Amino acid sequence: MRRGRLLIIVSIGLTIAGLLCIPFVVAQAKAVGFAGTILLLLASTAGIMNTLCTRRELHALIKQVQDAAAKKQVCRIDAISKDFIPLADAINDLLSSSAQTVSDATLRAKELEIQLKVATAERQHAEAIIYSISDAVLVTDPFDDLVLANESAARTFDFDLARAGRSPVEQVLKDDKVIALIREMRQSNSASGRRIVEHSVKGANGAERTFKITLSCVADKQDQNPAGVVAVLHDMTKEKEVAEMKNDFVSNVSHELRTPLASIKAYIEMLIDGEADDEKTKTEFYEVIQNEANRLSRLIDNILNISRIESGLVKINKQSQSLTVIMKEALEVIAPQAKGKQITLSEQLTPVFYQTIADRDMLYQAVLNLLSNAVKYTPEGGAITVQTEVNEAKKKVMARISDTGVGIPPKDLPFVFDKFYRVEANSRMAKGTGLGLSLVKHIIETVHHGRIFVESTQGKGSTFGFELDLAE
Amino acid sequence: MSEKTILVADDESHILHVVSLKLRNAGFRVLTARDGQEALEMAQQNHPDLLITDYHMPQLSGLELCQRLKQDTKTNDIPAIMLTARGYHLEPSDTEQSGILRMLSKPFSPRHLLTTVNEVLEGKAA
């Protein structure tokens, strides 16, 4: 390259020298003119030759580089003449180092692509886990922006999951207490800290639900700085209801047990203390004790039977029975209670030869419970009618117990057979455990595959009944 | 000592009967009511020396009955004993707001009830 440049300089110098000699050619042609002319011609020829040669070399090099670029391959560039070897080498070095850089970058890009795929898969996996959790999950970043939430959270706080991403938590949640809890947790800066709070959230439909909120701080792996907060809201509404129902049940059962027990204890003490001075009073006391003991026994039977039927442990002994006979037996037992309230009992029963396949004790229990309820919810001086009907065509036998009692409000009617359910409007009329009708339903439908029904007009009375298959 | 009148309110007829008999045998004049509303009216008309009431009763609960009597200047001096099958505990505020001086839990002893009645009437319970 340097030699090429030298040749160009030399030829330009010689050309200038030749041109300077022209006046002398004219003036002193014979003396120095000839030699100058020769010198000028030589210089011009050398310069032209050199320029042509340089251009050819450069074109060849450019062509090779262009070919390599077109093929997208790193090829070796060769110089034709020695003068251009350093240039070719320099180009080759440059190409090779560029190729290495590109190769490194491609490799790094591939690595990053794999890392991104792994990270995406992990995130999708984590999201899938969070979405599948039935508890509401909220994840916020150090700026209290919501970064992740699941469907359950969207339902709980009534927000659009698709639009909630990366929004400040106070814009998404309408619950000040939950927002404050998330902020406090983030500010507490405790990487391993956990806080559990019970809180009620008002849903979109206005219904309040109780949640157990577990808040944890998520720390950054590298610098241990809190990276955000995870809040998991577990809906405890149902659990609380069940716990309340259990408490109510225990309280009701204990009340129901104490009431007959109170009579038994008091009357026995009165007899011991000689407070009943004549035989008539003594007999009356003994009867009270007996009736109250029976009442206690019925209550315990109800509790045990319902628990046995529900747990599937009950031993069922089905035989051909007359529903009319069972109804008559139950009527005899309930008669003293009805008499105590001056309630008229009347019966319209089918002949006893109509039989049904049933567990006698259980069916008796069901009829007794219905009769007992009728007495409980019928004011003094009312009437109770007991009926059985046979439909021979359909092979069915139906029992009806109708009263002139307080009746059941329409809103309560669908729930009267639910366990622990008590009609609030009538709760002062009589005490109960909310188990009697539930047991009747179990006995008729679960044990005997029959059908139970209720018709009622508030203030006028109710009819409870059931239908069973007639025995062949 | 003049004959004291005691009003007994309970929706359980057996309890009403046994308590009345125990008190009558002890020389008291006894009035009975089957629910809270009836008891309220009887208390207003007869101004008994003592009220023995069940907690859970139709129409008006025992606690509401006592509170209503306490609010009325004509009946606010009637002391009360409450009989209850619920695990209800007597709070100091109950005495102030309702005049309930003693709480007896069912099942109860008629003997113990009589002792309590005498204590309340003699002013020992206050």
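See the structure shown above.
About the cut-offs
- Residues numbered from 1 in each chain as written.
- Chains lettered and ligands numbered in written order.
- Predicted model: local features only at pLDDT ≥ 70, side-chain atom pairs only at ≥ 80, totals over all residues.
- Heavy atoms only, no water.
- Helix = DSSP H or I, 4+ residues; strand = E, 2+ residues; numbered from the N terminus.
- Contact = heavy atoms within 4.5 Å.
- Areas by Shrake-Rupley, 256 points an atom, 1.4 Å probe, with all protein chains shown as cover.
- Buried < 20%, exposed > 50% of the residue type's maximum accessible area, 1.4 Å probe, protein only.
- Pairing = 2+ DSSP bridges.
- Axes fitted to C-alpha atoms, helices over the stretch in contact; angles between N-to-C directions.
- Arc of directions from axis to C-beta.
- Salt bridge = Lys/Arg side-chain N within 4 Å of Asp/Glu carboxyl O.
- Phe/Tyr/Trp six-rings, centres within 6.5 Å; stacked < 30°, edge-to-face > 60°.
- Expected span 1.5 Å × (residues − 1).
- Buried area = accessible area lost by both parts, 1.4 Å probe.
- Polar contact = N/O pair within 3.5 Å; in protein donor to acceptor, adjacent residues only side chain to side chain.
- Nonpolar A, V, L, I, M, F, W, Y, C, P; charged D, E, K, R; others polar.
- Patch = residues over 30% accessible without salt bridge, like charges linked within 9 Å, V, L, I, M, F, W, Y side chains within 5 Å.
- Lys, Arg positive; Asp, Glu negative; His and termini not counted.
- Charge placed at Lys NZ, Arg CZ, Asp CG, Glu CD.
- Parallel < 35°, antiparallel > 145°, perpendicular 65-115°, else oblique.
- Left-handed = near helix turned anticlockwise from the far one by under 90°.

**Q** Account for the overall build of chain B, with residues named and values stated.
**A** Check the secondary structure of chain B and you find five helices and five strands. Reading chain B from its N end, one meets helices and strands in the order β-α-β-α-β-α-β-α-β-α. In chain B, 60% of the contacts between residues at least 6 apart in sequence involve partners at least 24 apart. A total accessible area of about 5600 Å² is found for chain B, and carbon and sulfur atoms account for 44% of it.

**Q** With reference to specific residues and values, describe the overall build of chain A.
**A** Scanning chain A for helices and strands turns up twelve helices and 13 strands. For chain A, with 472 residues in total, the buried portion stands at 38%. Expressed as a percentage of contacts within chain A between residues at least 6 apart in sequence, the contacts between residues at least 24 apart total 59%. About 27700 Å² of surface is accessible on chain A, with carbon and sulfur atoms providing 57% of the total.

**Q** Any details on the sheet that holds strand β1 (residues 5-9) of chain B? Residues and values, ideally.
**A** Residue and element names in this part refer to chain B. Spatially, the five strands line up as an open sheet ordered β2-β1-β3-β4-β5, and their pairing is parallel. Lying at the two open borders of the sheet, with one neighbouring strand each, are β2 (29-33) and β5 (100-105). Strand-to-strand twist in this sheet, taken as the mean axis angle between neighbours without regard to direction, amounts to 20°. Two elements, β1 and strand β3 (residues 50-54), share four bridges in a ladder whose sense is parallel. In the sheet register, Leu7 faces β3, and the bridge partner there is Leu51. On the sheet, helix α3 (residues 62-71) packs against β3, β4 (80-84) and β5 and is oriented at approximately 155° with respect to β3.

**Q** So what about α3 of chain B? Which residues, and what values?
**A** All names here are of chain B. Considered for burial, the residues of α3 that qualify are Gly62, Leu63, Leu65, Cys66 and Leu69. Around the axis of α3, the buried residues are gathered within 160° of arc, so they sit on the same side. Where the residues of α3 are buried, they touch α2 (36-46), β3, β4, α4 (92-98) and β5.

**Q** Let's hear about the sheet that holds strand β11 (residues 396-403) of chain A: which residues, and what values?
**A** Residues and elements named next belong to chain A. Judged by pairing direction, the sheet is mixed, and its five strands sit side by side in the order β8-β10-β11-β13-β12 without closing on themselves. For this open sheet the edge positions go to β8 (344-348) and β12 (451-457), each flanked by a neighbour on one side alone. Across the sheet, the mean angle from the axis of one strand to that of its neighbour is 15°, orientation sign disregarded. As paired elements, β11 and strand β13 (residues 461-469) share seven bridges and run antiparallel to each other. Across the sheet, the residue bridging to Ala399 is Phe466, located in β13.

**Q** Report on the pattern of salt bridges, specifying residues and quantitative values.
**A** It is possible for side chains bearing opposite charge to pair when their charged atoms get close. Taken as a whole, this structure holds 35 salt bridges over all chains when the rule is applied. Between Arg400 of chain A and Glu455 of chain A there is a salt bridge, with its nearest N and O atoms 3.7 Å apart. In this pair, Arg400 of chain A sits in strand β11 while Glu455 of chain A sits in strand β12, placing the two residues 55 residues apart along the sequence. The shortest N-O distance in the salt bridge between Lys106 of chain B and Asp10 of chain B comes to 2.9 Å. Here Lys106 of chain B, found in the loop between β5 and α5 (110-121), pairs with Asp10 of chain B, found in the loop between β1 and α1 (13-25); they are 96 residues apart in sequence, far enough to count as distant. Lys106 of chain B sits in the buried class, given a relative accessible area of 1%. Among the charged side chains, a network of salt bridges with common partners joins Glu269, Asp273 and Glu275 of chain A together with Lys22 and Arg111 of chain B.

**Q** With reference to specific residues and values, describe the packing of aromatic side chains.
**A** Residue and element names in this part refer to chain A. Applying the stated rule across the entire model yields three aromatic pairs over all chains. When the centroid spacing of 4.8 Å and the interplanar angle of 35° are considered together, the rings of Phe353 and Tyr354 count as tilted. The exposed category is assigned to Phe353, whose relative accessible area is 60%. The buried category is assigned to Tyr354, whose relative accessible area is 19%. Geometrically, the ring pair formed by Phe417 and Phe464 is edge-to-face, given 6.0 Å between the ring centres and 85° between the ring planes. Here Phe464 lies in strand β13 and Phe417 lies in the loop between β11 and α12 (436-447), a separation of 47 residues in the sequence. Comparing Phe417 with Phe464 shows no difference in burial state: the two are buried.

**Q** Describe α1 of chain B, listing the residues and the values that go with them.
**A** With 13 residues, α1 of chain B should reach 18 Å at 1.5 Å per residue; the first-to-last C-alpha distance of 18 Å fits that figure. Of all the residues in α1 of chain B, the buried ones are His14, Ile15, Leu16, Val18, Val19, Ser20, Leu21, Lys22 and Leu23 of chain B.

**Q** Any chance you could break down the interface of chain A and chain B for me, citing the residues and the numbers?
**A** Accessible area lost upon the coming together of the parts is a frequently used measure of interface size. Across the boundary between the two partners, chain A contributes 25 residues, which contact 27 residues of chain B. When chain A packs against chain B, close to 2400 Å² is buried across both sides, 50% of that on carbon and sulfur atoms. Remark: the boundary between chain A and chain B carries six salt bridges. Here Glu380 of chain A ties to Arg34 of chain B by a salt bridge, and the two come within 3.7 Å at their closest N and O atoms. Linking chain A with chain B are twelve residue pairs in polar contact (both at pLDDT 80 or more). Take the side of chain A that touches chain B: its biggest share by element is 13 residues, from helix α8 (residues 237-272) of chain A. Classifying every residue of the side of chain A that touches chain B gives seven nonpolar, seven polar and eleven charged.

**Q** Residue-level account of the side chain of Thr140 of chain A, with values.
**A** Take Thr140 of chain A: it is sitting in strand β1 (residues 136-140). Beyond its immediate sequence surroundings of up to four residues, Thr140 of chain A is in contact with Asp145, Leu146, Val147, Val169, Ile182, Ala227, Gly228 and Val229 of chain A.

**Q** I'd love a proper account of a negative patch on the surface, names of residues and values included.
**A** On the surface, Asp277, Asp278, Glu284 and Glu287 of chain A cluster together into a patch of negative charge. With respect to the helices, strands and loops of the structure, Asp277 of chain A is situated in the loop between α8 and α9 (279-311).

**Q** I'd like a description of the packing of helix α10 (residues 323-340) of chain A against helix α11 (residues 360-376) of chain A, backed by residues and values.
**A** Residue and element names in this part refer to chain A. Remark: α10 packs on α11, axes separated minimally by 9 Å, with the N-to-C direction vectors making an angle of 40°. On the basis of the axis angle, α10 is oblique to α11. In this structure, α10 meets α11 at a crossing whose hand is right-handed. The residues of α11 that touch α10, namely those facing Leu323, Ile326, Met327, Glu329, Ala330, Leu331, Val333, Ile334, Gln337 and Ala338, are Arg360, Leu363, Tyr364, Val367, Leu368, Leu371, Ser372 and Val375.

**Q** Talk me through the environment of Ile91 of chain A; I want residue IDs and the actual numbers.
**A** Residues and elements named next belong to chain A. Looking at where Ile91 falls in the secondary structure, it is placed in helix α4 (residues 85-132). In sequence terms Ile91 and Ile77 are 14 residues apart; their C-alpha atoms lie 7.3 Å from each other. What Ile91 contacts, discounting residues up to four positions off in sequence, is Val65 and Ile77.

**Q** Could you give an account of the pairing of strand β2 (residues 145-149) of chain A, naming the residues involved and the relevant values?
**A** All names here are of chain A. In terms of burial, β2 is a largely internal element, four of the five residues being buried. As paired strands, β1 and β2 are joined by three bridges and run antiparallel to one another. Considered in β2, the bridge of Thr140 is made with Leu146. Connecting β1 to the antiparallel partner β2 that follows it, the hairpin turn spans four residues, and Asp144 within it adopts a positive phi of roughly 60°. Of the strand pairs in this sheet, β2 and strand β3 (residues 167-168) are connected by two bridges, and their pairing is antiparallel. When the bridges of β3 are listed, Asp145 appears paired with Pro168.

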